[in-house]
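Residues per chain are reported as follows:
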Amino acid sequence: MPITMAEVRHFISQLPDPTAVAQVQEAAAKRLGEIDMAAYAGVVAGRRARLNDSLRPAFLRRLTGTVQERSRRGNRRAGFLLDEESTRVLRTDSRNSRYRISEDTKRFRLSDIPVACMDVIED
């Protein structure tokens, strides 16, 4: 018989000390990481993707490119190499005051983009 959320909450509320609660927090964080990794397993280096509407700043939304390597700090972020058209769009976007892209740059690389903000697209 599965355990209900009410039973889990009750169990946690009965824990005797902060150390026990911290152990539950660590287990929950680990499980969230596993679920996150499974949800974005298809976002791997070399895949084409589009930056989705959850990304900030908004001027980066809907740009397309190629997923690069995942961050060494954690697997939830990756580099993103814009395609030529998206590089041009970002270069000329009046809202963009963050990225300076020279005219001779064909493909601009963004770093530390959350993989949850990348939607894999088929060619």
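Look a little higher up for the structure.
Basis of the calculations
- Residues numbered from 1 in each chain as written.
- Predicted model: local features only at pLDDT ≥ 70, side-chain atom pairs only at ≥ 80, totals over all residues.
- Heavy atoms only, no water.
- Helix = DSSP H or I, 4+ residues; strand = E, 2+ residues; numbered from the N terminus.
- Expected span 1.5 Å × (residues − 1).
- Polar contact = N/O pair within 3.5 Å; in protein donor to acceptor, adjacent residues only side chain to side chain.
- Phe/Tyr/Trp six-rings, centres within 6.5 Å; stacked < 30°, edge-to-face > 60°.
- Buried < 20%, exposed > 50% of the residue type's maximum accessible area, 1.4 Å probe, protein only.
- Arc of directions from axis to C-beta.
- Contact = heavy atoms within 4.5 Å.

A. Representation of helix α2 (residues 18-39) within the structure. For α2, spanning 22 residues, the distance from its first C-alpha to its last is 31 Å, which sits close to the expected 32 Å at 1.5 Å a residue. Near the N-terminus of α2, the side chain that reaches the backbone nitrogen of T19, with its oxygen 3.1 Å away, is that of D17.

B. How the structure looks around the packing of aromatic side chains. For the coordinates displayed, the defined rule picks out two aromatic pairs. Residues F59 and Y99 carry aromatic rings whose centres are separated by 6.3 Å and whose planes lie at 75° to one another, so their mutual orientation is edge-to-face. One end of the pair, F59, is in the loop between β1 (48-51) and β2 (64-70); the other, Y99, is in the loop between α3 (84-92) and β4 (109-114), with 40 residues separating them in the sequence. Pair check on accessibility: F59 and Y99 agree, each one buried. With 5.8 Å between their ring centres and 70° between their planes, Y99 and F108 make a pair best called edge-to-face. Site record: aromatic cluster; members linked through ring pairs are F59, Y99 and F108.

C. Inspection of α3 at higher detail. If you check which residues of α3 are buried, you get S86, T87, L90 and R91. Buried residues of α3, seen end-on, are gathered within an arc of 140° and therefore sit on one face of the element. Those residues of α3 hidden inside the fold are in contact with β2, β3 (77-82) and β4.

All quantities given are derived from atomic positions and should not be read as evidence of function.
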